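As a plain string of letters, each chain reads:
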Amino acid sequence: MAFLTTPIWRRLRLAYGIASKFLLSALCVGLILALQSPSGAGPASPRSNRDVATFVPANIKELLSKPNAIEVRVGAYVDNFHDLSLQNRRFVAEGYYWLEWPQSLQNKLESEKIEPKAIIVLANQVDTWDSQITSASEEPVRLANGNYYQQFQFSANFYIPNINLKRFPFESVQLPVIFEVSDDSLAIQKGNVILAPDTGRNALVGSFAEINGYRITSSVLKPTVHFFGTNLGLNNGDLSYSGVALQATLKSTPLPSILKYFLPLMIVVGIVILAPSLEGELGDIRLAIPSTGLLTLIFLQQAYQAELPALDYLTFLDWIYACGYVISIGTFLLFVWGTNFYQRTPKKGKEQALATINRADTIFQVSAVVGTLVAALLAWMA
């Protein structure tokens, strides 16, 4: 028991306490940030309240149950997706959409001189100057059931309204093409025109619609209602507009993401974690490794963040980089302590000092690996 009171043992316990408290503090800060970051389960912010109030999924049966409702069947087919930019939150889509409407709506269109092309608008379209919408025929086609039908071809730039990159680079991205009632006279409070998805057995996305680095996991037509929240100065009350969204879900491919984003990170952090394995007397060499690793991590993180938009939360990869920063700084502090401890130790105690430094290094290495795994788990679940 006398060994436990020796100066060497006290220094070892001190080193262990410093390393443990440092990593524990980093994990506590990370946990607090994770709990404070925006998530679907937390209280809604004013912005999220605004988003929910303006664009929401619709109950199509409830909307069509009203006596004056006019149903317009909307079908869509995206032949190609390309030019996806997560940073600008936009993409380009090309394909077709078609409308089928009853005689009652045709009478309204003729009386108010509304062209069939103007029934709906691509709600999330941007850069209208760089888009094209053409009809397959000049006039609507009369179907056997008495309804009117017209098909259109489109090529346009679209904005991604909602994007969640918390699990980047293993994220899922939803690319919507939103068709929405355009004219005010056709709004729910006035003409009560309801757009209903024309699903049937039709494919929604073409076989060549893949985007490099992603695979399409699902596609669906979803009814929506758009509330602008303003009367646009017309004093006629807030209007809401029926819509249909063709939503394709893309998921990033894991292996290329690991090789592109995680392999360089793992190499740098692995070298830093292995640095304490060098003998404690090599102070100058040991001190150079974590500082070099820290600078490398900064450049690597800036490179991938250039691909992303400005976010108000941390991605999964951000959390792993944060762990790399903590490990690099902790390793540097450990080496500073070890170098000073070794240099101040008398010649007779050099061997015992090296043993103490090596034990502290081992404790730190194990704590760094365990701490990174725990932080990665918390970041994935956040």
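Just so you know, these numbers come straight off a predicted model, no measurement behind them. (Residues numbered from 1 in each chain as written. Predicted model: local features only at pLDDT ≥ 70, side-chain atom pairs only at ≥ 80, totals over all residues. Heavy atoms only, no water.)

Remarks on the pattern of salt bridges
Our working rule: The salt bridge criterion pairs a side-chain nitrogen of Lys or Arg with a carboxyl oxygen of Asp or Glu, the two atoms within 4 Å. Throughout this description, buried means an accessible area under 20% of the type-specific maximum (1.4 Å probe, protein chains only), exposed means over 50%, and partly exposed covers the range between.
Going through the model one piece at a time under the given rule, you end up with five salt bridges. For Arg 73, the salt bridge is made with Glu 71, and the minimal N-O distance between the two is 2.8 Å. With a relative accessible area of 31%, Glu 71 lands in the partly exposed category.

Here's the deal with the pairing of strand β12 (residues 240-252)
Formally: Numbering goes from the N terminus for both helices and strands, where a helix is a DSSP run of H or I of at least four residues and a strand is a run of E of at least two. In this analysis, strands are considered paired if DSSP registers two or more bridges between them.
In terms of burial, β12 is a largely internal element, 12 of the 13 residues being buried. Where strand β11 (residues 214-227) and β12 come together, 13 bridges link them in antiparallel fashion. Directly across from Thr 224, in β12, lies its bridge partner Gly 243.

Some details on the packing of helix α7 (residues 316-344) against helix α8 (residues 350-381)
Under the convention used in this document: The angle between two axes is taken between their N-to-C directions and runs from 0 to 180 degrees, where each axis is a line fitted to C-alpha atoms and a helix contributes only its stretch in contact. In these notes the angle categories are as follows: under 35 degrees is roughly parallel, over 145 is roughly antiparallel, 65 to 115 is roughly perpendicular, and the rest is oblique. Amino acids are sorted into nonpolar (Ala, Val, Leu, Ile, Met, Phe, Trp, Tyr, Cys and Pro), charged (Asp, Glu, Lys and Arg) and polar (every other residue, Gly among them).
Remark: α7 packs on α8, axes separated minimally by 10 Å, with the N-to-C direction vectors making an angle of 170°. It follows from the interaxial angle that α7 and α8 lie roughly antiparallel. By residue class, the composition of the contact of α7 with α8 is 20 nonpolar, six polar and two charged.

Here we look at helix α4 (residues 103-111)
The condition that has to hold: The directions considered for the arc run from the helix axis to the C-beta atoms. Contacts are assigned to residue pairs that have any heavy atoms within 4.5 Å of one another.
For α4, the set of buried residues is Leu 105, Gln 106 and Leu 109. Angularly, the buried residues of α4 cover 105° about the axis, an arc narrow enough to put them on a single face. Summarising the geometry of α4, the exposed residues directed more than 90 degrees from the buried face are Glu 110 and Ser 111. Buried residues along α4 sit in contact with β2 (70-85), β3 (90-101), β8 (148-159) and β10 (193-197). Phi turns positive one or two residues past the end of α4, at Lys 113, with a value near 55°.

Section: the side chain of Gln 106
As for its placement among the helices and strands, Gln 106 is situated in helix α4. Residues contacting Gln 106, with those up to four places away along its chain left out, are Trp 101 and Tyr 148.

Section: the nonpolar core
This is how it is decided: We define the nonpolar core as a collection of buried residues of types Ala, Val, Leu, Ile, Met, Phe, Trp, Tyr and Cys that are connected through side-chain atoms lying within 4.5 Å of one another.
Grouped together as the largest cluster of nonpolar side chains are 81 residues, with contacts concentrated most on Phe 81, Leu 99, Leu 105, Phe 154, Val 177 and Phe 179. Take this core: its biggest share by element is 12 residues, from α7. In contact with Leu 99, not counting residues within four places along its chain, are Val 72, Arg 73, Val 74, Pro 116, Ile 119, Ile 120, Tyr 148, Tyr 149, Gln 150 and Phe 152.

Details of the packing of aromatic side chains
For the record, the criterion: Side-chain rings of Phe, Tyr and Trp, where Trp is taken by its six-membered ring, are said to pair if the distance between their centres is within 6.5 Å; with planes under 30 degrees apart they count as stacked, over 60 as edge-to-face, and otherwise as tilted. Criterion for a charge above a ring: Lys NZ or Arg CZ within 6 Å of the ring centre, and within 35 degrees of the ring normal.
Inspection of every chain in the model, using the stated rule, returns 18 aromatic pairs. Aromatic side chains Phe 81 and Phe 91 sit 5.8 Å apart centroid to centroid with 65° between the ring planes, which places their arrangement in the edge-to-face category. Taken as a pair, Phe 81 in strand β2 and Phe 91 in strand β3 lie far apart in primary sequence, 10 residues in all. The same class applies to Phe 81 as to Phe 91, namely buried. With centroids separated by 5.2 Å and ring planes inclined at 65°, the aromatic side chains of Phe 168 and Tyr 261 adopt a geometry described as edge-to-face. Of this pair, Phe 168 sits in the loop between β8 and β9 (172-181) while Tyr 261 sits in helix α5 (residues 254-274), and the two are 93 residues apart along the sequence. Taken individually, Phe 168 and Tyr 261 each receive the classification buried, so the pair is uniform in this respect. Aromatic rings pair up to connect Phe 81, Phe 91, Tyr 97, Phe 152, Phe 154, Phe 158 and Phe 179 into one cluster. Over the ring of Tyr 313 we find Lys 166; its NZ or CZ atom is 5.7 Å from the centre of that ring.

Focus on the environment of Ile 258
Within the fold, Ile 258 resides in helix α5. Sequence separation of Ile 258 and Pro 169 is 89 residues, and the distance between their C-alpha atoms is 8.2 Å. Apart from the residues within four sequence positions on either side, Ile 258 is in contact with Phe 170 and Leu 263.

Section: unusual backbone geometry
Here Phe 168 and Pro 169 are connected by a cis peptide whose omega angle stands at 10°. Of note, Pro 169 is situated in the loop between β8 and β9. In this model, Arg 89 sits at a positive phi of 55°, which is unusual for a non-glycine residue. Residue placement: Arg 89 occurs in the loop between β2 and β3. Phi at Asp 127 takes a positive value of approximately 55°, unusual for a residue other than glycine. Along the polypeptide, Asp 127 turns up in the loop between β5 (125-126) and β6 (132-135).

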